[in-house]
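Here's the letter readout for the chains.
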Protein chains: 4
Amino acid sequence: MRSLEVKNRTSVEDIKCLRLITAIKTPYLPDGRFDLEAYDDLVNTQIENGVEGIIVGGTTGEGQLMSWDEHIMLIGHTVNCFGGKIKVIGNTGSNSTREAIHASEQGFAVGMHAALHINPYYGKTSVSGIISHFSTVLSMGPTIIYNVPSRTGQDIPPSVIQTLARQSTNFAGVKECVGNDRVKLYTGNKIVVWSGNDDECHDSRWDFGATGVISVASNLIPGLMHELMFGGKNPNLVAKVMPLIHWLFKEPNPIGLNTALAQLGVIRPVFRLPYVPLPVEERQEFVRLVNQIGREHFIGDETLEVLDDSDFILVGRY
Amino acid sequence: MRSLEVKNRTSVEDIKCLRLITAIKTPYLPDGRFDLEAYDDLVNTQIENGVEGIIVGGTTGEGQLMSWDEHIMLIGHTVNCFGGKIKVIGNTGSNSTREAIHASEQGFAVGMHAALHINPYYGKTSVSGIISHFSTVLSMGPTIIYNVPSRTGQDIPPSVIQTLARQSTNFAGVKECVGNDRVKLYTGNKIVVWSGNDDECHDSRWDFGATGVISVASNLIPGLMHELMFGGKNPNLVAKVMPLIHWLFKEPNPIGLNTALAQLGVIRPVFRLPYVPLPVEERQEFVRLVNQIGREHFIGDETLEVLDDSDFILVGRY
Amino acid sequence: MRSLEVKNRTSVEDIKCLRLITAIKTPYLPDGRFDLEAYDDLVNTQIENGVEGIIVGGTTGEGQLMSWDEHIMLIGHTVNCFGGKIKVIGNTGSNSTREAIHASEQGFAVGMHAALHINPYYGKTSVSGIISHFSTVLSMGPTIIYNVPSRTGQDIPPSVIQTLARQSTNFAGVKECVGNDRVKLYTGNKIVVWSGNDDECHDSRWDFGATGVISVASNLIPGLMHELMFGGKNPNLVAKVMPLIHWLFKEPNPIGLNTALAQLGVIRPVFRLPYVPLPVEERQEFVRLVNQIGREHFIGDETLEVLDDSDFILVGRY
Amino acid sequence: MRSLEVKNRTSVEDIKCLRLITAIKTPYLPDGRFDLEAYDDLVNTQIENGVEGIIVGGTTGEGQLMSWDEHIMLIGHTVNCFGGKIKVIGNTGSNSTREAIHASEQGFAVGMHAALHINPYYGKTSVSGIISHFSTVLSMGPTIIYNVPSRTGQDIPPSVIQTLARQSTNFAGVKECVGNDRVKLYTGNKIVVWSGNDDECHDSRWDFGATGVISVASNLIPGLMHELMFGGKNPNLVAKVMPLIHWLFKEPNPIGLNTALAQLGVIRPVFRLPYVPLPVEERQEFVRLVNQIGREHFIGDETLEVLDDSDFILVGRY
């Protein structure tokens, strides 16, 4: 399944230079389907604030809770509406090689600019199996590899990354969550790295050679995250946003993000299970954090609310 | 699932004025997956010859042999690559209302300009059920209704069409296969009609008020079909192309079309079952017809071949 | 995908001798999912009244409105609960050869005793294509071929049936809806036939050599249909049930059946679109018909009700 | 979706007393589809050796590489062929609550005796979310909860298990991989535990109160594992099998198991990616281990082979 129409406009160099990429949230209607109107508003806000790329259906966007047809549809929709203004990176990774192949073929066919690929989580495999897995998809188009052992239960060893970097011109770089020593190891070898940790990304960028960040916090404060990546070293700004970042990751992401966006009034307070909102004390704490940092730095323009438990809709069938 | 981004650029009036729409063929790789490179060439050729719209995954495009995720992917791909140059009409109809709803939502989300909807074939339903079926999808965007009793086993009565035309501003018109009396009945009531029969479309257009045609033959001879729809009454041209059109429909469409395109060298000779190629005598006859009409009026530039039986690949699992 | 465990217990002869097979109704919960408790009651009632086989997910059972995973699950469920008492024939046919292959493999794997296969409706194909289609699935296990041109738009010619009967020992027979001349043609050639028309089945059985019937009416009056197939010629009984049979098919099946079962109180009044209930006058007529024939001949034991329009639930998303 | 037919024969007590459960391997044909004939042989061998239950589509059975329709089909097939002789426990867990609900409903509908449920791996969630997730499925039937932090990236805290044990009569127990201190904590509170670690299971059973084991090694040496669970304390036997168990888990399971079964000649040497066989030195080591323990204790009766790399088939599309 090849398409020269698509291939001709996708370049790995266009991906390698992106500094600020947002792992975009997927908002829902009360019956659990996508709320595309809210989604389009979120993406437009990202574009207006200088974000250069988005991950569609990442773990933040809850790709793991999507059927593949929903997921590919969302990638196609995003390309169709915003592909001229922002790079669209589809999370077409899977712990099943078959699914990763199928989703990546479809994602590139509907025009995504790059794929994000994870090593086989949960089922896991050998180092040799990891390389085989990634090799089946790297031929299709520009690809970012994602390493997050706290989710996958298995670190991708640097030897694997270096092998892939040598083998494929489609290898764009690594989204790395292991820490800045690892970042430095790669950037010292001219491998492009995006920090996968909002709390470390400033240092990754300015002290360890990372190209940028794939951020969760930029869903909320895209302008400040832009400043952090483009404005030079800025310890004061780091200190300002750090309490928010700590709050965001008190529970597994995107629980904090979902709770925050609902309170900002930019999405409906609908959660697909197994995600549930943060408790009311944390919701009150969020209001304090917003006021401290400044409402104007956050997306949306509605007055901030501490939602009641009864305001949230949790959906299991959708 | 709504998207103002998409809604704002889709207008029913843009659909109503199309004169030449091709029910585009879907070509395959030897393992049965889509051959997107060949597909893109087919669509580009259509655009170059003045075709104004295409039906993606119609019965001609073998939507009935696609999984829905393949089908939506193909719509998204087509919008992404060609949506600025040609109107993309997705055949998101089904005899299952659930599937028609889901596919139409997804099709519009990835940017299709209009949907084609069939009445519930095979399972069938009452007149009241037909109206309920179409009503669930008409709210989503510009829609063409397709009436082809020889396939569905059930005629859509004019009363149903007139009800839908009154009820919904998204109703664009009818693709009608019943004949020119029916065409006249609708056009007399200011309902837009496309002929669904290549052999009748010239008369439908020039004598019975049809806006145009949704054509199979235009896959092969887009320029001549354009002349037929735009160039004024032309009985000589009708006489010239009629033997080809009769040949095309000797067996249920798209058997003839698939056989012809393979012989023209523009697609691989791969058939998804239950379709099988026309026998060798008919393949020889096709060569004679092409030479008679003129190779230059047909798409492709390779020398015409009479393929052997062994050249064809029939796939059941894909 | 082979299983000797399953193959060893499935014999085509066990299928050929069945006289009374019911195309069983699939009942729904208010959200559109299967109501398995009501389903189990329906099947138990069939068994108690001497019905020997059931078609799971036929057009009567609305297989066309099921996803394949629902469909295979229902076959597996039926085998698991009732496979020792009644023959389970899965409608694993499709107009897509790929889907027919996949569903038939899965259906036999979960233990269905036979498959029902339709020719490719709507998409249609050539005679040669029809034979190719059936040939891909006949190797898997005992198979009944279903001919119903009023739904498919295409008659299966006798030459096709005779070819299949010669080619495959898995060919069990034909469910034929074209009429008794066709029945006679086949039975004269020792091909097993089940009538697919309740109004003709008595004559098919006693005058034209049919083995039995695949019945819709037996959902309602299994005991009387049993009498019709086993009790010898009985014109009085035919006359008694004929008004009910005519009522049942006033609109495309299973609209009448669904409406009747809801009024008998044995299923919830839930319709998956595009099916909608018969209007109130026909519902009143059904009460008259039941009283005329005798409530005791119908399944269920609740007092008969004329349901209001507002009692019915129509579901499009499920 | 309820079925009294199924509910009436499923009892949580029948599950709680099982001592030896095998996480059964799923064998494949060269094109990647299930090899049901080989599967049936594997299950029959388990039954003959006294194994009391099997997990269908666990991580060992590569449920993570199945589509859900394959997975449910395999559960239905197993129930249909072997449900009277062995308990069939379907791994209908998922990190998506929607998928866990849907799969569990379908699994119980086709007759599985119990479900195995994992906490949401990879995507993860809060403790409150984990409880919500399990609560949606516990109402459906007997359920074993599976805790394996090395795969999921997240330990299920004892408080969650204790909450579920109190809340639901369907809670059968825990498959626990964290170690024998955790086992003791649960068994001291009368919570049924199966060890999820072959290397610890003897001690779990005889020293820490575990009911039994959910074993990988029993795929190869069901008789010896039976002895380990039923024959009383036996340090000599532990010492005898330990080198094999260590070999089995040198790479993430089921890589070792798949390699071993292929060498024993009981499955075709087909791997679904991302799994790849152990290297030739480890395959040679396996031959030594078998000879040391005794070929007669292993399943199959073919002479053991060291397969060549070229003997293995790795499939990515299937």
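Residues numbered from 1 in each chain as written. Chains lettered and ligands numbered in written order. Predicted model: local features only at pLDDT ≥ 70, side-chain atom pairs only at ≥ 80, totals over all residues. Heavy atoms only, no water.

Further remarks concern the side chain of Arg 33 of chain A. Within the secondary structure layout, Arg 33 of chain A lies in the loop between β1 (20-23) and α3 (36-48). A distance of 2.3 Å separates the side chain of Arg 33 of chain A from the side chain of Glu 105 of chain B, its partner in a polar contact. (Helix = DSSP H or I, 4+ residues; strand = E, 2+ residues; numbered from the N terminus. Polar contact = N/O pair within 3.5 Å; in protein donor to acceptor, adjacent residues only side chain to side chain.)

Each partner contributes to the interface: chain A provides 31 residues, whereas chain B provides 31 residues. Between chain A and chain B the total buried area reaches about 2800 Å² when both faces are included, carbon and sulfur atoms providing 48% of it. The salt bridge partner of Glu 105 of chain B is Arg 33 of chain A, with a shortest N-O separation of 2.3 Å. In this assembly, chain A and chain B are joined by 14 residue pairs in polar contact (both at pLDDT 80 or more). Mapped by element, the contributors of at least two residues to the side of chain A that touches chain B are α1 (4-7), α3, α4 (68-82) and α5 (97-109) of chain A. A class-by-class count of the residues in the side of chain A that touches chain B yields twelve nonpolar, eight polar and eleven charged. (Contact = heavy atoms within 4.5 Å. Buried area = accessible area lost by both parts, 1.4 Å probe. Salt bridge = Lys/Arg side-chain N within 4 Å of Asp/Glu carboxyl O. Nonpolar A, V, L, I, M, F, W, Y, C, P; charged D, E, K, R; others polar.)

Moving on, we get to the sheet that holds strand β4 (residues 114-118) of chain C. All names here are of chain C. Spatially, eight strands are ordered β1-β2-β3-β4-β5-β6-β7-β8 in a closed barrel, and the strand pairing comes out parallel. Pairs of neighbouring strands in the sheet enclose a mean axial angle of 25°, with direction left out of account. Relative to strand β3 (residues 87-90), strand β2 (residues 53-56) runs parallel, the two being bridged by four bridges. Bridge pairing links Val 56 to Gly 90 in β3. (Pairing = 2+ DSSP bridges. Axes fitted to C-alpha atoms, helices over the stretch in contact; angles between N-to-C directions.)

A separate point is the pattern of salt bridges. Applying the stated rule across the entire model yields 55 salt bridges over all chains. Between Arg 283 of chain D and Asp 309 of chain D there is a salt bridge, with the nearest N and O atoms lying 2.6 Å from each other. Highlighted residues: Arg 283 of chain D in helix α14 (residues 280-293) and Asp 309 of chain D in the loop between α14 and β10 (313-315), separated in sequence by 26 residues. For Arg 283 of chain D, a relative accessible area of 1% corresponds to the buried category. Overall, Asp 309 of chain D belongs to the exposed group, its relative accessible area being 58%. In the salt-bridge network here, residues are joined through shared partners; they are Asp 31 and Arg 33 of chain A, Glu 105 of chain B together with Arg 317 of chain C. (Buried < 20%, exposed > 50% of the residue type's maximum accessible area, 1.4 Å probe, protein only.)

Residues and elements named next belong to chain B. In the contact formed by helix α12 (residues 235-248) and helix α14 (residues 280-293), the axes pass within 10 Å of each other and the chain directions differ by 160°. Taken as axis vectors, α12 and α14 run roughly antiparallel relative to one another. Handedness of the crossing formed by α12 with α14: left-handed. Of α14, the residues touching α12 (which contributes Lys 240, Val 241, Pro 243, Leu 244 and Trp 247) are Glu 282, Glu 285, Phe 286, Leu 289 and Ile 293. Among the residues making up the contact of α12 with α14, the classes are represented as seven nonpolar, no polar and three charged. (Parallel < 35°, antiparallel > 145°, perpendicular 65-115°, else oblique. Left-handed = near helix turned anticlockwise from the far one by under 90°.)

Further remarks concern the sheet that holds strand β6 (residues 171-176) of chain D. Residues and elements named next belong to chain D. Pairing in this closed barrel of eight strands is parallel, and the strands run β1-β2-β3-β4-β5-β6-β7-β8 around the ring. Across this sheet, the average inter-strand angle for adjacent strands is 25°, counted without regard to direction. Contacts from helix α8 (residues 158-167) reach β5 (143-147) and β6, with the element oriented near 160° to β6.

Next up on the list: the nonpolar core. Counting 151 residues, the largest nonpolar core has Leu 220 and Phe 286 of chain A together with Leu 220 and Phe 286 of chain B as the members making the most contacts within it. Ile 86 and Val 137 of chain C together with Leu 42 and Ala 115 of chain D belong to the second largest nonpolar core, which has 148 residues in total. (Core = buried A, V, L, I, M, F, W, Y, C linked by side-chain atoms within 4.5 Å.)

Now for unusual backbone geometry. Glycine aside, residues mostly have negative phi angles, and peptide bonds mostly take the trans form. At the junction of Leu 273 of chain B and Pro 274 of chain B, the peptide bond is cis and its omega measures out at 15° in the coordinates. The residue Pro 274 of chain B is located in the loop between β9 (270-272) and α14 in this model. Looking along the chain, the bond that leaves Asn 253 of chain C and enters Pro 254 of chain C is cis, with omega of 10°. Within the secondary structure, Pro 254 of chain C sits in the loop between α12 (235-248) and α13 (255-263). Although it is not a glycine, Glu 62 of chain D sits at a positive phi angle of roughly 60°. Among the secondary structure elements, Glu 62 of chain D is positioned in the loop between β2 (53-56) and α4 (68-82). Look at Glu 62 of chain D and you get buried, because its relative accessible area is 1%. One non-glycine residue with positive phi stands out, namely Tyr 122 of chain D, at about 65°.

Interpretation in functional terms is not warranted from these geometric data alone.
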